[in-house]
Amino acid sequence: MPRILLVFALTCLLGPVVADERTEARQQIEAARKDVAELQKLLKQIEQEKSAVHKQLKTTESEMGELEKQVDSLQQEIDRSEAELERLDEEKTTLEGARIEQQRLIGIQARAAYQSGRQEYLKLLLNQQNPEKFSRTLTYYDYLNTARFEQVERFNETLRQLANVEAGIESQQTILAEKQDGLKQRRAQLAEVRKERQLTLAKLDKDLSSRDRKLQARKQEQAQFERVLKTIEETLARQAREAEQERQRALALAREEQSRRASGNTASGPLVSSAGGNFGGPFANAKGKLPWPVDGRLVAGYGTPRGGDARTKWDGVLIGANLGTQVRAVHGGRVVFADWLRGAGLLVILDHGNGYLSLYGHNQSLLRDAGEIVEAGDPIATVGNSGGQEAAALYFAIRQQGRPSDPALWCRAQG
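What counts and how
- Residues numbered from 1 in each chain as written.
- Predicted model: local features only at pLDDT ≥ 70, side-chain atom pairs only at ≥ 80, totals over all residues.
- Heavy atoms only, no water.
- Helix = DSSP H or I, 4+ residues; strand = E, 2+ residues; numbered from the N terminus.
- Buried < 20%, exposed > 50% of the residue type's maximum accessible area, 1.4 Å probe, protein only.
- Contact = heavy atoms within 4.5 Å.
- Core = buried A, V, L, I, M, F, W, Y, C linked by side-chain atoms within 4.5 Å.
- Salt bridge = Lys/Arg side-chain N within 4 Å of Asp/Glu carboxyl O.
- Pairing = 2+ DSSP bridges.
- Phe/Tyr/Trp six-rings, centres within 6.5 Å; stacked < 30°, edge-to-face > 60°.
- Lys NZ or Arg CZ within 6 Å of the ring centre and 35° of its normal.
- Polar contact = N/O pair within 3.5 Å; in protein donor to acceptor, adjacent residues only side chain to side chain.
- pLDDT = per-residue confidence, 0-100.

Looking now at the overall build of the protein. Tallying secondary structure elements over the protein gives 5 helices and 13 strands in all. Counting all 415 residues of the protein, 27% fall into the buried class. Within the protein, contacts between residues separated by at least 24 positions form 69% of all contacts whose residues are at least 6 apart in sequence.

Take a look at the structure:
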């Protein structure tokens, strides 16, 4: 009987406390729901702003790709001008040597002519005891005079060529200076565009991250309040507490496993290489024989979770490589798309016939235009981080009749 009275007394004392806790928990849940609704409304506005920023991002990254092509073209022109200038300098050196040698020979002939003088002809005319000797000597003098005139003419021609070469050198130096100025301006313009892109991405990431963190925090608070209310309504039963603790432990283990898998996908995948011979047969017969489009390391495999979200998976692979590395066609085909695409950045798509396509995304610049025919191994783009990527990497995918296929089945195994 005393035990029953004790239980009854405790129930009377704890009843109002539990009711107050339930009321407070419900009020907190309602406040959290209102906050969540408001944050979801703000996130919808951010998504609209994000769409506008992506349009701006498309224009900026397309402009960056075009500027990269212009910088490469100007650098090639400068290299050709420098080579031509070097050739003209070598030709000038050769002509200078010829001029000095010809000048020396003319000096020798002039001294010889001066020493003999015109009186030799008079002596020959007065001494005609041997007519045959006189005739031979006269012919010899004629040869000498002709040789002198020819030597002088060659010397004058050398001087004219030298003047032309010096004029060519001056012209090439002027052209080279103009091209170097142009290259400097293009590079400054490219740096400004890159700075603008970085500021745009930083603002977008900051806004999204801040709003998303607030929303997730309020959702977590709401979930926590709901768990407290449920616990109170079940009078904090031992079985419920143990089940909740077990569930929390399972979630923690699942999060650790997901984090471990995600870190395994991004840490250091296997190396791939574009080296080796190209496959010249039909694409349908190329399984296991194609080179990879770029030298690098697989940071995301086919079918693995994308962006840490198990609901989305990679329909291709992601190959980490240095910024600006050339991307090469794995097989001959025709360029059917070469432009900016949301989510893939600067993208190239090749048609290999019979329903086979290969895709190359997140590039820094595009080296081919739609409609062009490319051979296996031809450069088609350069590795970049367009489309919102944080690090330089190439998105590479293969489609067969519109269905994705694992590129590792088509490209040669490494190691």
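Turning our attention to the nonpolar core. By size, the foremost hydrophobic cluster in this structure holds 33 residues, and its most contacted members are Y360, I380 and F396. Those elements giving two or more residues to this core turn out to be strand 5 (317–320), strand 7 (333–341), strand 8 (345–353), strand 9 (356–366), strand 11 (379–383) and strand 12 (393–400). Counting 15 residues, the second-largest nonpolar core is a separate cluster that includes L74, V165, L190 and V193.

A few words on the pattern of salt bridges. Once the charged atoms of two side chains with opposite charge are near each other, the side chains can pair. The final tally for this structure, using the stated rule, is 10 salt bridges. The shortest N-O distance in the salt bridge between R160 and E153 comes to 3.6 Å. Assessed through its relative accessible area of 41%, R160 is described here as partly exposed. On the accessibility criterion, E153 (45% relative accessible area) is partly exposed. The shortest N-O distance in the salt bridge between R368 and E372 comes to 3.2 Å. Overall, E372 belongs to the partly exposed group, its relative accessible area being 27%. Taken together, the salt bridges that share partners define one network made up of E84, R87 and E91.

On the secondary structure map, R80 appears in helix 1 (residues 2–116). On a C-alpha basis, the gap between R80 and L176 in space is 9.4 Å, while along the polypeptide they are 96 residues apart.

Pairing geometry for strand 1 (residues 271–272) and strand 2 (residues 296–300), over 2 bridges, is antiparallel. Paired with V272 across the two strands is G296, which belongs to strand 2. By the bridge criterion, 3 bridges tie strand 2 to strand 5 in an arrangement that is antiparallel. Residue pairing for strand 5: L298 is matched across the bridge by I319.

Another aspect to go through is the packing of aromatic side chains. What describes a pair of aromatic rings is the distance from one ring centre to the other and the angle between the planes of the rings. This model, assessed by the stated rule, comprises 6 aromatic pairs. Ring centres 6.3 Å apart and planes at 35° place the aromatic pair W314 and Y395 in the tilted group. On the criterion of sequence distance, the pair formed by W314 in the loop between strand 4 (309–313) and strand 5 and Y395 in strand 12 is long-range, its members being 81 residues apart. Ring pairs connect the aromatic residues F283, Y356 and W410, which therefore count as one cluster. Directly above the ring of W314 sits R306, whose terminal nitrogen or CZ lies 4.0 Å from the centroid.

Structurally, R368 can be placed in the loop between strand 9 and strand 10 (373–374). Among the polar contacts made by the side chain of R368, one reaches the side chain of E372 at a distance of 3.2 Å. At 3.3 Å, the side chain of R368 and the backbone oxygen of P379 are in polar contact. If we skip the residues at most four places from it in the chain, R368 touches V335, A338, V374, D378, P379 and I380.

Turning next to the pairing of strand 11. Within strand 11, 4 of the 5 residues are buried, leaving the element largely enclosed by the surrounding structure. Bridge count for strand 6 (residues 326–328) against strand 11 is 3 bridges, and the pairing is antiparallel. Paired with V327 across the two strands is A381, which belongs to strand 11. Examined bridge by bridge, strand 9 and strand 11 share 3 bridges and lie antiparallel to one another. For N363, the partnering residue across the bridge sits in strand 11 and is V383.

The next subject is the confidence of the model for the protein. Of all residues in the protein, 77% have pLDDT values of 70 or greater, and the mean over the chain is 78. The secondary structure element of the protein with the lowest average pLDDT is helix 2 (residues 119–126), at 53, and the one with the highest is strand 11, at 98. Residue range residues 1–11 is modelled with pLDDT below 50. Its contacts to residues more than four positions away, or to other chains, number 0 contacts. Under a pLDDT of 50 for its full length, residues 260–267 has, in the predicted model, 5 contacts with residues more than four places off or in other chains.

Even without a glycine there, the phi angle at N354 is positive, about 60°. Taking the relative accessible area as the measure of exposure, N354 reaches 67% and is therefore exposed. Phi is positive for Q401, which is not a glycine, with a value near 55°. Locating Q401 in the fold gives a position in the loop between strand 12 and strand 13 (403–405).

Quick look at the environment of T382 now. Mapped onto the elements, T382 comes out in strand 11. For T382, a relative accessible area of 7% gives the class buried. As a C-alpha pair, T382 and V327 span 55 residues in sequence and 5.3 Å in three-dimensional space. Excluding anything up to four places from it in sequence, T382 contacts G324, T325, Q326, V327, N363, Q364, S365 and L367.

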